[in-house]
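Coordinate inspection notes
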Amino acid sequence: MKENIHPKVYKATITCACGHEEQVLSTKGEQVHVEVCSHCHPFFTGKQRFLDTAGRIDRFRKKYAKFEQK
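Residues numbered from 1 in each chain as written. Predicted model: local features only at pLDDT ≥ 70, side-chain atom pairs only at ≥ 80, totals over all residues. Heavy atoms only, no water.

As named in an unreviewed UniProt entry, the protein is Large ribosomal subunit protein bL31, taken from Desulfovibrio legallii. According to the UniProt record, the Sequence similarities (unreviewed entry) comment for the protein is "Belongs to the bacterial ribosomal protein bL31 family. Type A subfamily." As its UniProt record puts it under Subunit (unreviewed entry), the protein is described as follows: "Part of the 50S ribosomal subunit." (UniProt positions renumbered as here; feature names shortened; annotations may be inferred.)

1. Examining the overall build of the protein
Along the protein, the regular secondary structure elements total three helices and three strands. Scanning the protein from its N terminus toward the C terminus, one meets helices and strands in the order β-β-β-α-α-α. Excluding contacts between residues fewer than 6 apart, the proportion of contacts in the protein whose partners are at least 24 apart in sequence is 2%. Entry remark: accessible area of the protein is about 6,800 Å², with carbon and sulfur atoms responsible for 53%. (Helix = DSSP H or I, 4+ residues; strand = E, 2+ residues; numbered from the N terminus. Contact = heavy atoms within 4.5 Å. Areas by Shrake-Rupley, 256 points an atom, 1.4 Å probe, with all protein chains shown as cover.)

2. What to know about the sheet that holds strand β1 (residues 10-16)
The three strands are arranged β2-β1-β3 in an open sheet whose pairing can be described as mixed. Because the sheet does not close on itself, it has two edges, and the strands there are β2 (21-26) and β3 (31-34). The average undirected angle you get between the axes of adjacent strands in this sheet is 30 degrees. Bridge count for β1 against β2 is six bridges, and the pairing is antiparallel. Residue pairing for β2: A12 is matched across the bridge by V24. (Pairing = 2+ DSSP bridges. Axes fitted to C-alpha atoms, helices over the stretch in contact; angles between N-to-C directions.)

3. Some points on the UniProt feature "binding site: Zn(2+)" (unreviewed entry) in the protein
Taking the UniProt record as the reference, the feature "binding site: Zn(2+)" (unreviewed entry) is found at C16, C18, C37 and C40. The greatest C-alpha distance among the residues just named is 8.8 Å, despite their covering 25 residues of sequence, which places them together in space. Mapped onto the elements, C16 comes out in strand β1. Judged by its relative accessible area of 6%, C16 is buried. Beyond its immediate chain neighbours, meaning those up to four positions away, C16 contacts V34, E35, V36, C37 and C40. Tracing the backbone shows C18 in the loop between β1 and β2. The exposure class of C18 is partly exposed, given its relative accessible area of 43%. Setting aside chain neighbours within four positions, we find C18 in contact with C37 and C40. (Buried < 20%, exposed > 50% of the residue type's maximum accessible area, 1.4 Å probe, protein only.)

As structure tokens, this is what we get:
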């Protein structure tokens, strides 16, 4: 069996934008930041939440507005 082929594993803290923190094993590093987790995602909570990150919906509507006019 080959030696030293596995990545280094860290005890990482994943921090969500909602404030929830989770301790996991990760190869990415010791601090990982995410926007949505299982504590605030609508699929897991059953609550509808409107997320508009950096105006993506506005950009989409502006881009495809010419098709709606026809």
